[in-house]
Amino acid sequence: MGGAERALLSLARAVEQEGHTVKIISLKPLGSIGREMQSCGLEVSSLDLAGKWRPLETAGVLARLVQEIEAFRPDIVHAFLYRAIMLCRLAKRRIFFPLITTPHYDLSRKNCFLRLIDRALKDADDVSCAESRFTADFLEKKQKYNPDKLRLVANGVDLSQFRPDAASRQAVRKQFGWAEDEVIFVCVARLSAEKNHLSLLKAFAPVYVREKKAKLVLVGDGPEKERIQEFVRQKGLGKAVFLAGEVSDVSQFLLASDVFILLSSIESLPMSLLEACSSGLPCIVSKVGDMPRVVLHGETGFVCNAQDPVVVSALMAEMIENRPLCQQMGRAARQRMGHYYPAPEKIYLKIYKEIK
(Lines give C-alpha, C1' and ligand atoms only; values in the text may rest on other atoms or scores of the structure.)
Protein backbone atom coordinates (compact mmCIF):
# COMPACT_ATOMS: atom_id res chain seq x y z
CA MET A 1 0.00 0.00 0.00
CA GLY A 2 2.62 2.48 -1.11
CA GLY A 3 2.59 5.88 -2.75
CA ALA A 4 2.13 4.52 -6.26
CA GLU A 5 -1.10 2.78 -5.27
CA ARG A 6 -2.47 5.89 -3.59
CA ALA A 7 -1.47 8.03 -6.58
CA LEU A 8 -3.28 5.60 -8.90
CA LEU A 9 -6.43 5.77 -6.77
CA SER A 10 -6.46 9.59 -6.89
CA LEU A 11 -5.88 9.57 -10.65
CA ALA A 12 -8.61 7.00 -11.32
CA ARG A 13 -11.11 9.04 -9.32
CA ALA A 14 -10.17 12.24 -11.17
CA VAL A 15 -10.46 10.59 -14.60
CA GLU A 16 -13.87 9.14 -13.76
CA GLN A 17 -15.09 12.50 -12.45
CA GLU A 18 -14.22 13.95 -15.87
CA GLY A 19 -16.77 11.56 -17.36
CA HIS A 20 -14.42 8.89 -18.69
CA THR A 21 -14.72 5.14 -18.16
CA VAL A 22 -11.92 3.68 -16.07
CA LYS A 23 -10.77 0.12 -15.57
CA ILE A 24 -7.92 -0.87 -13.25
CA ILE A 25 -6.03 -4.11 -13.85
CA SER A 26 -3.97 -5.21 -10.87
CA LEU A 27 -1.19 -7.70 -11.55
CA LYS A 28 -1.28 -9.01 -7.99
CA PRO A 29 -4.27 -10.05 -5.82
CA LEU A 30 -6.23 -7.04 -4.64
CA GLY A 31 -5.13 -5.34 -1.44
CA SER A 32 -6.81 -2.63 0.60
CA ILE A 33 -6.42 0.04 -2.09
CA GLY A 34 -7.89 -2.26 -4.71
CA ARG A 35 -10.85 -2.95 -2.46
CA GLU A 36 -11.22 0.78 -1.82
CA MET A 37 -11.31 1.35 -5.57
CA GLN A 38 -14.11 -1.19 -5.86
CA SER A 39 -16.02 0.48 -3.03
CA CYS A 40 -15.79 3.74 -5.02
CA GLY A 41 -17.53 2.02 -7.93
CA LEU A 42 -14.42 1.63 -10.08
CA GLU A 43 -14.03 -1.54 -12.15
CA VAL A 44 -11.06 -3.50 -10.85
CA SER A 45 -9.75 -6.92 -11.84
CA SER A 46 -6.70 -8.94 -10.81
CA LEU A 47 -4.37 -11.16 -12.83
CA ASP A 48 -3.19 -12.87 -9.60
CA LEU A 49 0.50 -12.71 -10.47
CA ALA A 50 2.80 -14.19 -7.82
CA GLY A 51 5.68 -12.31 -6.23
CA LYS A 52 8.50 -13.61 -8.45
CA TRP A 53 9.19 -13.69 -12.16
CA ARG A 54 8.29 -17.19 -13.37
CA PRO A 55 8.49 -17.55 -17.17
CA LEU A 56 5.41 -19.73 -17.66
CA GLU A 57 3.26 -17.79 -15.21
CA THR A 58 4.40 -14.45 -16.68
CA ALA A 59 3.54 -15.65 -20.20
CA GLY A 60 0.08 -16.63 -18.98
CA VAL A 61 -0.41 -13.27 -17.27
CA LEU A 62 0.69 -11.46 -20.43
CA ALA A 63 -1.87 -13.40 -22.48
CA ARG A 64 -4.61 -12.53 -20.01
CA LEU A 65 -3.53 -8.87 -20.02
CA VAL A 66 -3.82 -8.79 -23.80
CA GLN A 67 -7.32 -10.30 -23.54
CA GLU A 68 -8.35 -7.69 -20.94
CA ILE A 69 -7.13 -4.84 -23.14
CA GLU A 70 -8.77 -6.25 -26.24
CA ALA A 71 -12.09 -6.66 -24.42
CA PHE A 72 -12.05 -3.19 -22.88
CA ARG A 73 -10.69 -1.41 -25.99
CA PRO A 74 -9.24 1.56 -24.10
CA ASP A 75 -8.28 4.89 -25.67
CA ILE A 76 -5.34 5.07 -23.25
CA VAL A 77 -3.39 2.49 -21.23
CA HIS A 78 -1.43 3.95 -18.32
CA ALA A 79 1.02 1.58 -16.61
CA PHE A 80 2.44 2.06 -13.11
CA LEU A 81 5.46 0.25 -11.60
CA TYR A 82 8.12 -1.91 -13.27
CA ARG A 83 6.38 -5.21 -14.05
CA ALA A 84 3.17 -3.57 -15.22
CA ILE A 85 5.15 -1.30 -17.51
CA MET A 86 7.15 -4.17 -19.03
CA LEU A 87 4.07 -6.33 -19.55
CA CYS A 88 2.16 -3.49 -21.21
CA ARG A 89 5.13 -2.82 -23.51
CA LEU A 90 5.12 -6.50 -24.50
CA ALA A 91 1.34 -6.48 -24.91
CA LYS A 92 1.67 -3.59 -27.34
CA ARG A 93 3.60 -5.90 -29.67
CA ARG A 94 0.42 -7.96 -30.08
CA ILE A 95 -2.24 -5.25 -30.17
CA PHE A 96 -2.07 -1.49 -30.67
CA PHE A 97 -2.96 1.02 -27.97
CA PRO A 98 -1.52 4.37 -26.84
CA LEU A 99 0.72 3.71 -23.82
CA ILE A 100 1.75 6.05 -21.01
CA THR A 101 4.11 4.86 -18.31
CA THR A 102 4.96 6.19 -14.84
CA PRO A 103 7.58 4.15 -12.97
CA HIS A 104 7.08 5.25 -9.35
CA TYR A 105 10.33 3.50 -8.42
CA ASP A 106 14.07 4.14 -8.45
CA LEU A 107 15.22 2.34 -11.62
CA SER A 108 18.86 3.08 -10.75
CA ARG A 109 18.56 0.51 -7.96
CA LYS A 110 17.36 -2.25 -10.26
CA ASN A 111 19.96 -4.77 -11.37
CA CYS A 112 21.72 -4.46 -14.73
CA PHE A 113 19.53 -7.11 -16.37
CA LEU A 114 16.28 -5.33 -15.49
CA ARG A 115 17.67 -1.99 -16.64
CA LEU A 116 18.65 -3.57 -19.96
CA ILE A 117 15.11 -4.91 -20.40
CA ASP A 118 13.78 -1.41 -19.74
CA ARG A 119 16.11 0.09 -22.35
CA ALA A 120 15.14 -2.57 -24.89
CA LEU A 121 11.39 -2.00 -24.51
CA LYS A 122 11.17 1.72 -23.69
CA ASP A 123 10.36 2.86 -27.25
CA ALA A 124 6.91 1.25 -26.95
CA ASP A 125 5.88 4.22 -24.78
CA ASP A 126 3.94 7.01 -26.46
CA VAL A 127 4.71 9.16 -23.41
CA SER A 128 7.09 8.26 -20.59
CA CYS A 129 6.32 10.18 -17.40
CA ALA A 130 8.71 10.62 -14.51
CA GLU A 131 7.30 11.30 -11.05
CA SER A 132 10.48 13.05 -9.88
CA ARG A 133 13.36 15.08 -11.28
CA PHE A 134 15.73 12.35 -10.09
CA THR A 135 13.84 9.73 -12.14
CA ALA A 136 13.57 12.01 -15.19
CA ASP A 137 17.32 12.64 -15.23
CA PHE A 138 18.10 8.94 -14.87
CA LEU A 139 15.73 7.89 -17.64
CA GLU A 140 17.13 10.42 -20.09
CA LYS A 141 20.84 10.20 -19.28
CA LYS A 142 21.29 6.55 -18.30
CA GLN A 143 18.41 4.74 -19.99
CA LYS A 144 18.55 6.91 -23.11
CA TYR A 145 14.84 7.77 -23.17
CA ASN A 146 13.74 10.05 -25.99
CA PRO A 147 13.53 13.54 -24.40
CA ASP A 148 10.70 14.45 -26.80
CA LYS A 149 8.53 11.71 -25.27
CA LEU A 150 9.67 12.17 -21.66
CA ARG A 151 7.54 14.32 -19.35
CA LEU A 152 8.19 15.34 -15.76
CA VAL A 153 4.89 14.93 -13.91
CA ALA A 154 6.01 15.25 -10.31
CA ASN A 155 4.07 13.61 -7.54
CA GLY A 156 1.84 16.11 -5.81
CA VAL A 157 -0.77 16.35 -3.12
CA ASP A 158 -4.22 17.86 -2.63
CA LEU A 159 -3.78 20.60 -0.02
CA SER A 160 -7.45 20.38 0.92
CA GLN A 161 -7.11 16.70 1.83
CA PHE A 162 -3.94 17.04 3.91
CA ARG A 163 -3.94 20.17 6.04
CA PRO A 164 -3.32 21.23 9.65
CA ASP A 165 -6.38 21.12 11.89
CA ALA A 166 -5.95 22.02 15.55
CA ALA A 167 -9.26 20.52 16.69
CA SER A 168 -8.69 17.22 14.88
CA ARG A 169 -5.12 17.08 16.16
CA GLN A 170 -6.32 17.40 19.74
CA ALA A 171 -9.02 14.77 19.26
CA VAL A 172 -6.66 12.24 17.65
CA ARG A 173 -3.97 12.73 20.29
CA LYS A 174 -6.56 12.20 22.99
CA GLN A 175 -7.73 9.04 21.20
CA PHE A 176 -4.19 7.59 21.25
CA GLY A 177 -3.41 8.84 24.73
CA TRP A 178 -0.71 11.29 23.68
CA ALA A 179 -0.31 14.33 25.92
CA GLU A 180 -0.07 17.76 24.33
CA ASP A 181 3.49 18.28 25.55
CA GLU A 182 4.70 14.99 24.02
CA VAL A 183 6.63 15.30 20.74
CA ILE A 184 5.46 12.74 18.20
CA PHE A 185 7.81 11.70 15.39
CA VAL A 186 6.01 9.81 12.62
CA CYS A 187 7.35 7.64 9.81
CA VAL A 188 4.92 6.51 7.11
CA ALA A 189 6.59 3.78 5.06
CA ARG A 190 6.45 0.08 4.30
CA LEU A 191 8.38 -1.90 6.89
CA SER A 192 11.09 -3.03 4.47
CA ALA A 193 14.88 -2.88 4.61
CA GLU A 194 15.32 0.04 2.21
CA LYS A 195 13.24 2.29 4.48
CA ASN A 196 15.90 1.99 7.21
CA HIS A 197 13.55 1.69 10.19
CA LEU A 198 16.28 0.08 12.28
CA SER A 199 18.58 3.05 11.65
CA LEU A 200 15.74 5.30 12.74
CA LEU A 201 15.21 3.30 15.92
CA LYS A 202 18.95 3.37 16.72
CA ALA A 203 18.88 7.15 16.44
CA PHE A 204 15.66 7.49 18.42
CA ALA A 205 16.72 5.30 21.37
CA PRO A 206 19.22 7.78 22.92
CA VAL A 207 16.79 10.64 22.30
CA TYR A 208 14.16 8.84 24.37
CA VAL A 209 16.68 8.16 27.15
CA ARG A 210 17.22 11.91 27.51
CA GLU A 211 13.67 13.04 26.75
CA LYS A 212 10.80 10.82 27.85
CA LYS A 213 8.20 12.99 26.14
CA ALA A 214 9.50 11.84 22.75
CA LYS A 215 7.39 9.24 20.93
CA LEU A 216 7.90 7.47 17.58
CA VAL A 217 5.02 6.19 15.45
CA LEU A 218 5.70 3.77 12.58
CA VAL A 219 2.82 3.58 10.12
CA GLY A 220 3.04 0.64 7.74
CA ASP A 221 3.56 -3.11 7.55
CA GLY A 222 6.07 -5.37 5.85
CA PRO A 223 8.80 -8.00 6.13
CA GLU A 224 10.90 -6.06 8.69
CA LYS A 225 8.12 -5.99 11.27
CA GLU A 226 9.51 -8.80 13.47
CA ARG A 227 13.03 -7.35 13.49
CA ILE A 228 11.63 -3.96 14.45
CA GLN A 229 9.54 -5.46 17.24
CA GLU A 230 12.56 -7.35 18.56
CA PHE A 231 14.70 -4.21 18.59
CA VAL A 232 11.98 -2.30 20.43
CA ARG A 233 11.76 -5.08 23.00
CA GLN A 234 15.52 -5.36 23.52
CA LYS A 235 15.98 -1.60 23.95
CA GLY A 236 13.00 -1.19 26.26
CA LEU A 237 11.22 1.18 23.88
CA GLY A 238 7.78 -0.38 24.26
CA LYS A 239 6.29 2.76 25.83
CA ALA A 240 7.85 5.08 23.26
CA VAL A 241 7.42 3.30 19.91
CA PHE A 242 3.97 2.63 18.45
CA LEU A 243 3.56 0.31 15.43
CA ALA A 244 0.33 1.35 13.77
CA GLY A 245 0.38 -1.34 11.07
CA GLU A 246 -1.13 -0.92 7.61
CA VAL A 247 -3.39 2.14 7.51
CA SER A 248 -5.62 3.19 4.62
CA ASP A 249 -5.94 6.81 5.83
CA VAL A 250 -2.67 8.21 7.19
CA SER A 251 -4.00 11.75 7.64
CA GLN A 252 -5.00 11.19 11.27
CA PHE A 253 -1.45 10.20 12.20
CA LEU A 254 0.01 13.19 10.36
CA LEU A 255 -2.45 15.52 12.08
CA ALA A 256 -1.50 14.20 15.50
CA SER A 257 2.27 14.30 14.93
CA ASP A 258 4.89 17.01 15.26
CA VAL A 259 7.71 15.84 12.97
CA PHE A 260 7.85 13.53 9.94
CA ILE A 261 10.98 11.42 9.50
CA LEU A 262 12.03 9.15 6.61
CA LEU A 263 15.55 7.73 6.38
CA SER A 264 15.21 5.60 3.24
CA SER A 265 18.22 4.38 1.28
CA ILE A 266 16.06 4.23 -1.89
CA GLU A 267 13.41 6.77 -2.89
CA SER A 268 12.14 8.70 -5.89
CA LEU A 269 9.61 11.23 -4.58
CA PRO A 270 7.58 9.59 -1.79
CA MET A 271 3.93 10.53 -1.45
CA SER A 272 4.14 10.19 2.32
CA LEU A 273 6.67 13.04 2.44
CA LEU A 274 4.46 15.32 0.35
CA GLU A 275 1.45 14.48 2.51
CA ALA A 276 3.44 15.28 5.65
CA CYS A 277 4.60 18.63 4.28
CA SER A 278 1.05 19.46 3.21
CA SER A 279 -0.09 18.65 6.76
CA GLY A 280 2.30 21.29 8.07
CA LEU A 281 4.99 19.01 9.46
CA PRO A 282 8.71 19.75 9.43
CA CYS A 283 10.65 16.79 8.07
CA ILE A 284 13.90 14.95 8.64
CA VAL A 285 14.88 12.98 5.53
CA SER A 286 17.84 11.17 4.00
CA LYS A 287 19.74 12.53 1.02
CA VAL A 288 18.21 10.32 -1.69
CA GLY A 289 15.98 10.86 -4.71
CA ASP A 290 14.05 14.14 -4.78
CA MET A 291 13.72 14.37 -1.00
CA PRO A 292 16.45 17.05 -0.74
CA ARG A 293 14.50 19.06 -3.33
CA VAL A 294 11.35 18.88 -1.24
CA VAL A 295 12.93 19.48 2.17
CA LEU A 296 15.04 22.62 2.23
CA HIS A 297 17.70 22.04 4.87
CA GLY A 298 17.23 24.46 7.75
CA GLU A 299 14.05 25.97 6.26
CA THR A 300 11.40 23.22 6.05
CA GLY A 301 13.32 20.52 7.91
CA PHE A 302 16.66 18.76 7.80
CA VAL A 303 18.43 16.57 5.22
CA CYS A 304 20.94 14.12 6.66
CA ASN A 305 23.08 11.03 6.24
CA ALA A 306 20.72 8.28 7.38
CA GLN A 307 23.63 6.00 8.28
CA ASP A 308 24.90 8.39 10.98
CA PRO A 309 22.68 7.82 14.04
CA VAL A 310 24.49 10.53 16.02
CA VAL A 311 23.53 13.20 13.50
CA VAL A 312 19.96 11.93 13.24
CA SER A 313 19.66 11.91 17.04
CA ALA A 314 20.93 15.49 17.19
CA LEU A 315 18.38 16.64 14.62
CA MET A 316 15.54 14.91 16.46
CA ALA A 317 16.68 16.54 19.72
CA GLU A 318 16.72 19.93 17.99
CA MET A 319 13.09 19.45 16.93
CA ILE A 320 12.14 18.65 20.52
CA GLU A 321 14.04 21.51 22.14
CA ASN A 322 13.27 24.25 19.60
CA ARG A 323 9.51 24.11 19.23
CA PRO A 324 9.16 27.60 17.62
CA LEU A 325 11.62 26.57 14.88
CA CYS A 326 9.80 23.29 14.43
CA GLN A 327 6.46 25.05 13.92
CA GLN A 328 7.99 27.66 11.61
CA MET A 329 9.46 24.90 9.44
CA GLY A 330 6.09 23.17 9.27
CA ARG A 331 4.35 26.30 8.01
CA ALA A 332 7.05 26.82 5.39
CA ALA A 333 6.76 23.18 4.29
CA ARG A 334 3.04 23.49 3.62
CA GLN A 335 3.47 26.76 1.74
CA ARG A 336 6.09 25.14 -0.47
CA MET A 337 3.70 22.31 -1.39
CA GLY A 338 1.17 24.73 -2.83
CA HIS A 339 3.78 26.34 -5.05
CA TYR A 340 5.80 23.37 -6.31
CA TYR A 341 3.91 20.10 -5.77
CA PRO A 342 0.26 20.44 -6.83
CA ALA A 343 -1.82 17.30 -7.43
CA PRO A 344 -0.82 15.92 -10.89
CA GLU A 345 -4.21 14.66 -12.07
CA LYS A 346 -4.94 17.68 -14.31
CA ILE A 347 -1.53 17.29 -15.98
CA TYR A 348 -2.20 13.63 -16.73
CA LEU A 349 -5.65 14.42 -18.11
CA LYS A 350 -4.07 16.95 -20.45
CA ILE A 351 -1.55 14.35 -21.66
CA TYR A 352 -4.34 11.83 -22.27
CA LYS A 353 -6.16 14.29 -24.49
CA GLU A 354 -2.98 15.13 -26.40
CA ILE A 355 -2.20 11.55 -27.43
CA LYS A 356 -5.71 10.08 -27.75
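None of these values were measured; they are calculated from a predicted model.

*Asks:* Help me out: how do you make sense of unusual backbone geometry in this one?
*Replies:* The phi torsion of most residues other than glycine is negative, and most of the peptide bonds are trans. In this model, Asp48 sits at a positive phi of 55°, which is unusual for a non-glycine residue. With respect to the element layout, Asp48 can be found in the loop between β2 (43-46) and α3 (55-72). Overall, Asp48 belongs to the partly exposed group, its relative accessible area being 47%. One non-glycine residue, Asn196, lies in the positive phi region at around 60°. As for its placement among the helices and strands, Asn196 is situated in the loop between β7 (183-188) and α8 (197-210). When its relative accessible area of 12% is taken as the criterion, Asn196 is described as buried.

*Asks:* Would you take a moment to explain the environment of Lys239 for this structure?
*Replies:* Along the chain, Lys239 turns up in the loop between α9 (225-234) and β9 (241-245). The spatial distance from the C-alpha of Lys239 to the C-alpha of Ile184 is 13 Å, given a sequence separation of 55 residues. Among all residues touching Lys239, those that are not within four sequence positions of it are Tyr208 and Lys215.

*Asks:* Explanation requested: the sheet that holds strand β8 (residues 214-219) in the structure shown.
*Replies:* Each strand in a sheet pairs with its neighbour through backbone hydrogen bonds, running either in the same direction (parallel) or in the opposite one (antiparallel). Strand order in this open sheet of six strands is β9-β8-β7-β10-β11-β12, and the pairing throughout is parallel. The open sheet has two edge strands, β9 and β12 (301-304), and neither has a second partner. Geometrically, the sheet is characterised by an average inter-axis angle of 20° between neighbouring strands, direction not taken into account. Bridging between β7 and β8 involves six bridges; their strand directions are parallel.

*Asks:* For this particular structure, what's the right way to read the nonpolar core?
*Replies:* The tendency in soluble globular proteins is for nonpolar side chains to be buried as a group. Residues Phe260 and Ile261 are the most contacted members of the largest nonpolar core, which totals 69 residues. Element by element, the count of residues in this core is highest for α8, at eight residues. Those residues in contact with Ile261 that sit more than four places away from it in its chain are Phe185, Val186, Cys187, Leu200, Leu216, Ile284, Val312 and Met316. Ranked by size, the runner-up nonpolar core spans 30 residues in total, among them Ile69, Val77, Cys88 and Ala130.

*Asks:* Got a minute to help me understand the sheet that holds strand β3 (residues 77-80) in this structure?
*Replies:* Strand order in this open sheet of four strands is β3-β4-β5-β6, and the pairing throughout is parallel. Strands with a single pairing partner mark the edges of an open sheet, and in this sheet they are β3 and β6 (150-152). Taking each pair of neighbouring strands and ignoring which way they run, the sheet shows an average axis angle of 25°. Across two bridges, the pairing between strand β4 (residues 99-102) and strand β5 (residues 127-130) is parallel. Within β5, the position partnered with Ile100 by the bridge is Val127. Along the sheet, helix α4 (residues 82-91) makes contact with β3 and β4, crossing β3 at roughly 145°.

Criteria and thresholds
Residues numbered from 1 in each chain as written. Predicted model: local features only at pLDDT ≥ 70, side-chain atom pairs only at ≥ 80, totals over all residues. Heavy atoms only, no water. Helix = DSSP H or I, 4+ residues; strand = E, 2+ residues; numbered from the N terminus. Buried < 20%, exposed > 50% of the residue type's maximum accessible area, 1.4 Å probe, protein only. Contact = heavy atoms within 4.5 Å. Pairing = 2+ DSSP bridges. Axes fitted to C-alpha atoms, helices over the stretch in contact; angles between N-to-C directions. Core = buried A, V, L, I, M, F, W, Y, C linked by side-chain atoms within 4.5 Å.

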